[in-house]
Amino acid sequence: MATALLILGGVLVGGGWSLYKQGAPRVAVVVVGLLAALATAGGLLRLLPGEG
């Protein structure tokens, strides 16, 4: 699961960069960036040792 979230975060970062370079509305770039940050944070949190 952690790997999938980290991959998703990377894809979203690339998509956000592409949107930015194409001149997409700032809101779209920010939303994609936030989703990328959430996916990456989720992947990193899944890597932490703990219960489960």
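All values derive from a computational prediction rather than experimental measurement. (Residues numbered from 1 in each chain as written. Predicted model: local features only at pLDDT ≥ 70, side-chain atom pairs only at ≥ 80, totals over all residues. Heavy atoms only, no water.)

## A look at the environment of Thr3
Considering the arrangement of structural elements, one finds Thr3 in helix α1 (residues 2-21). On the basis of relative accessibility, which here comes to 55%, the residue Thr3 falls in the exposed class. Between the C-alpha atom of Thr3 and that of Val31, which follows or precedes it by 28 residues, the distance is 22 Å. (Helix = DSSP H or I, 4+ residues; strand = E, 2+ residues; numbered from the N terminus. Buried < 20%, exposed > 50% of the residue type's maximum accessible area, 1.4 Å probe, protein only.)

## Observations regarding helix α2 (residues 26-47)
Across its 22 residues, α2 extends 32 Å between first and last C-alpha, which sits within 8% of the 32 Å expected from 1.5 Å per residue. For α2, every residue scored as buried is listed here: Val29, Val32, Ala36, Ala39 and Gly43. One side of α2 carries all its buried residues, which in axial view fall inside an arc of 95°. α2 presents Arg26, Val27, Leu34, Leu38 and Leu45 as exposed residues on the side facing more than 90 degrees away from its buried surface. Buried residues in α2 make contact with α1. (Expected span 1.5 Å × (residues − 1). Arc of directions from axis to C-beta. Contact = heavy atoms within 4.5 Å.)

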